[in-house]
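The residues making up each chain are set out below.
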Amino acid sequence: MTLKPHEQELINQVQTGLCIGGTWQPSSTGATFDVQDPATGEVIKTIADATVDDALMALEAAVTAQEAWAETSTRGRSNILRRAFDLLMDRHEDFALLISIEMGKPISEARAEVTYGGEFLRWFSEEAVRVRGDYRPTPEGAGNIVVSHLPVGPTYFITPWNFPLAMATRKIAPALAAGCTVVIKPAELTPLTTIFLVQLLEEAGLPAGVVNVVPTTSPADQSSALLKDSRLKKLSFTGSTPVGIKLLEAAAQNVLRTSMELGGNAPFIVFEDADLDRAVDGVLLAKFRNIGQACTAANRIIVHESIADAFAQRVSDRVAQMKIGRGAEESTDIGALVDGRAVAKAERLVADAVATGATVLTGGKSIEGPGSYFEPTVLDRLSPNSALMSEEIFGPVLGIIRFTNEEEAVKIANDTDYGLVSYVFTENVHCGQRMIEKLQTGMMGLNTGLISNAAAPFGGIKQSGIGREGGFEGISEFLSTKYTLIPR
Ligand code: NAD
């Protein structure tokens, strides 16, 4: 199926070049790469493939723009972010469609991503004017201490393909609010949304060179060149833990400040006293949103033995009704996975779960034909040894494991190197409180399957990351603290 005329018209509006110092330009070698619609496998656009030299030019542009941007009044920076938010809301539907076409998620979820992603522009337009310092006397009375928070300087962002808009605005908005300039490298599978966002930022009045965009098919070469350059002052990465570890090693050479938003393996615990309707709705959202391709996706469904049969039945009845199709169609519940590798991974994980004793209640197979589809799947009676328990699934596969007491549930939940988010369903406030303290994650949903909010400090512990995005905390990732002593 080829693009519909209004989809083609939208894709035509997206620039094909790199944005360096306010100029849209081809790669210095003329190299290009193709972007596909995962629902059909068709090429939808061919764009410039940035070389290392291009990336270094982008850093040069960010360095050149840094001083003037840091000196722009906080109200001036705030106004640009607010205009960008307003423009994004005007183009809400265009951005949603673009996300759905290049990434595959259902259009209703793409709309939700535009609302969520846009909120970072509005939130940080409000935070830009609230950066404040501190003034305190020295205890012995000999002087005063002035504490200031200053922009860290030029930053480099690497973002994943699963939320092409929100992962970009969650970094760009606080950086701009803090007075930092940006070089951004979107994921090669979904670069178009970021390019379109940078076009929108220009329209909102962002000066040339403040945000530069350099998509590439050689991310390791690009990051290694930029991380070696001492003019770069900050790296913020969202993606998988193995790549995050490599980047941390490289960043250590320059003692570069880093923020890391990495993988997850979220436990979803349903206690005996849970409101079952709520828990079923919660798990469908936490597992199948974004076709299971979210760092916050519920990965291990840990259900009390006494309610597990009823829970499993209700979940699989609902999942069996989900409609599979191209994300851009209104009726679709489950879109295409991002590529064939994601389908192969889901196949492997289901085969392993079955081999280690799990039962397939619904789904379990990939779908023949163009596009990378996998049936939404429910597995019951997972073995603790199955790969589904330790690997980040990143697909529409839900596996249930049973427990008999609270201590066991906590032990299963914490038995992972990841620590991004946990979900807990219980009507017992004391149990809920205990879980806040005992579950080793940076975030928790208590009786909800959706935790993302621009006002909240998003981030993980253990191998899920370092730092927080969003909330009051988000801007401080882009500020450095300086104190000045003034003797009396
Ligand atoms: P990935 O790590 O393969 O890629 C992420 C980004 O890193 C892409 O832009 C890619 O081009 C780039 N990259 C890959 N290898 C690189 C290298 N050697 N040097 C520099 N850059 C490199 O991850 P992905 O498949 O795009 O995204 C899925 C992963 O992202 C999952 O693990 C998911 O949990 C994680 N994620 C985390 C969050 C969070 O906030 N914690 C949010 C979304 C996704």
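Residues numbered from 1 in each chain as written. Predicted model: local features only at pLDDT ≥ 70, side-chain atom pairs only at ≥ 80, totals over all residues. Heavy atoms only, no water.

Draft legend 1. Local environment of the overall build of the chain. Secondary structure assignment for the chain yields 15 helices and 22 strands. Its C-alpha atoms give the chain a radius of gyration of 23 Å, near enough to 23 Å, the size a compact globule of 488 residues would have. Structurally, the chain occupies a C-alpha span of about 70 × 65 × 40 Å along its principal axes. For the chain, the computed accessible surface area is about 19100 Å², with 52% contributed by carbon and sulfur atoms. The positive charge centre, built from 43 side chains, and the negative charge centre, built from 59, are 5 Å apart in the chain. (Helix = DSSP H or I, 4+ residues; strand = E, 2+ residues; numbered from the N terminus. Rg over C-alpha atoms; globule rule 2.2 N^0.38 Å. Areas by Shrake-Rupley, 256 points an atom, 1.4 Å probe, with all protein chains shown as cover. Lys, Arg positive; Asp, Glu negative; His and termini not counted. Charge placed at Lys NZ, Arg CZ, Asp CG, Glu CD.)

Draft legend 2. Region of interest: the pattern of salt bridges. Within this structure, the stated rule accounts for 26 salt bridges. A salt bridge links R231 to D229; the shortest N-O distance between them is 2.9 Å. Overlapping salt bridges, with partners in common, bring together K4, E7, D37, R326 and E329 in one network. (Salt bridge = Lys/Arg side-chain N within 4 Å of Asp/Glu carboxyl O.)

Draft legend 3. A look at a negative patch on the surface. A contiguous patch of negative charge, built from E272, D273, D275 and E427, is present on the exposed surface. With respect to the helices, strands and loops of the structure, E427 is situated in the loop between strand 19 (421-425) and helix 15 (429-438). On the basis of relative accessible area, E427 is assigned to the partly exposed category, the value being 48%. (Patch = residues over 30% accessible without salt bridge, like charges linked within 9 Å, V, L, I, M, F, W, Y side chains within 5 Å. Buried < 20%, exposed > 50% of the residue type's maximum accessible area, 1.4 Å probe, protein only.)

Draft legend 4. Region of the structure containing helix 1 (residues 5-12). Residues of helix 1 that are buried: E7, L10 and I11. Down the axis of helix 1, the sector holding all buried residues measures 100 degrees, keeping them to one side. Along helix 1, exposed side chains directed more than 90 degrees from the buried face belong to P5, E9 and N12. Its buried side turned inward, helix 1 meets strand 4 (43-48), helix 4 (92-103) and helix 7 (192-203). (Arc of directions from axis to C-beta. Contact = heavy atoms within 4.5 Å.)

Draft legend 5. Focus on unusual backbone geometry. Located in the positive-phi region is N290, a residue other than glycine, with phi close to 60 degrees. Mapping N290 onto the fold places it in the loop between helix 10 (276-288) and strand 13 (298-304). Note on N290: relative accessible area 0%, which makes it buried. Positive phi outside glycine occurs at N447, with the angle close to 65 degrees. With respect to the element layout, N447 can be found in the loop between strand 20 (443-446) and strand 21 (465-466).

Draft legend 6. View of the environment of T332. The residue T332 is located in the loop between helix 11 (305-320) and helix 12 (340-355) in this model. A C-alpha to C-alpha distance of 8.0 Å links T332 and M322, two positions 10 residues apart in sequence. When near neighbours in sequence (up to four residues on either side) are disregarded, T332 contacts P106, K323, G325, R326 and G327. Polar contacts involving the side chain of T332 include one to the main-chain carbonyl oxygen of R326, which spans 2.8 Å. (Polar contact = N/O pair within 3.5 Å; in protein donor to acceptor, adjacent residues only side chain to side chain.)

Draft legend 7. Looking closely at the packing of helix 10 against helix 11. It is at 10 Å that the axes of helix 10 and helix 11 come closest, and there the two elements cross at 55 degrees. As far as their axial angle goes, helix 11 and helix 10 are oblique. Of the two possible hands of crossing, helix 10 and helix 11 adopt the one that is right-handed. Across the interface between the two elements, L276, D277, A279, V280, D281, V283, L284 and F288 from helix 10 touch I307, A310, F311, R314, V315, R318 and V319 from helix 11. Class assignment for the residues of the contact of helix 10 with helix 11 results in 11 nonpolar, no polar and four charged. (Axes fitted to C-alpha atoms, helices over the stretch in contact; angles between N-to-C directions. Parallel < 35°, antiparallel > 145°, perpendicular 65-115°, else oblique. Left-handed = near helix turned anticlockwise from the far one by under 90°. Nonpolar A, V, L, I, M, F, W, Y, C, P; charged D, E, K, R; others polar.)

Draft legend 8. The site of the ligand, seen in detail. In the neighbourhood of the ligand, 28 residues make up the surrounding shell, with T159, R170, E188, S240 and E392 lying closest. Taking W161, its side chain carries an N or O atom lying 2.9 Å from an oxygen atom of the ligand. Within the side chain of R170, an N or O atom sits 2.7 Å from an oxygen atom of the ligand. Of all the secondary-structure elements, those providing two or more residues to the shell around the ligand are helix 6 (166-178), helix 8 (219-228), strand 10 (234-238) and helix 9 (241-252). Looking at which element gives the most residues to the shell around the ligand, the answer is helix 8, with three residues. Residues that form the shell around the ligand fall into these classes: 15 nonpolar, eight polar and five charged. (Near = heavy atom within 4 Å.)

Draft legend 9. Region of interest: the packing of aromatic side chains. Throughout the structure, instances matching the rule amount to eight aromatic pairs. Ring centres of F95 and F196 lie 4.9 Å apart, and the angle between their planes is 35 degrees; this geometry places the pair in the tilted category. A residue pair is termed long-range when its members are at least 10 positions apart, and F95 in helix 4 and F196 in helix 7 qualify at 101 residues. Given a relative accessible area of 6%, F196 falls into the buried group. With centroids separated by 5.0 Å and ring planes inclined at 20 degrees, the aromatic side chains of F268 and F425 adopt a geometry described as stacked. Of the two residues, F268 is situated in strand 12 (residues 266-270) and F425 in strand 19; the sequence distance between them amounts to 157 residues. A connected cluster of aromatic rings, assembled from ring pairs, spans F268, Y423 and F425. Sitting above the plane of the F458 ring, R170 keeps its charged end 4.0 Å from the centroid. Residue placement shows K234 over the ring face of F478; its charged tip is 5.3 Å from the ring centre. (Phe/Tyr/Trp six-rings, centres within 6.5 Å; stacked < 30°, edge-to-face > 60°. Lys NZ or Arg CZ within 6 Å of the ring centre and 35° of its normal.)

Draft legend 10. Fine view of the pairing of strand 4. Pairing between strand 3 (residues 32-36) and strand 4: five bridges, direction antiparallel. Its bridge partner lying in strand 4, V35 is registered against K45. Between strand 3 and strand 4, which pair antiparallel one after the other, the connecting turn spans six residues, and G41 there sits at a positive phi close to 80 degrees. (Pairing = 2+ DSSP bridges.)

Draft legend 11. Looking closely at the nonpolar core. If you look at the biggest cluster of nonpolar residues, it comprises 136 residues, and the most contacted ones within it are V211 and F311. Here the element with the most residues in this core is helix 6; it accounts for nine residues. Those residues in contact with V211, other than ones at most four positions away along the chain, are C19, I172, L176, V182, I184, V198, L201 and L206. I20, A58, L59 and L232 belong to the second largest nonpolar core, which has 23 residues in total. (Core = buried A, V, L, I, M, F, W, Y, C linked by side-chain atoms within 4.5 Å.)

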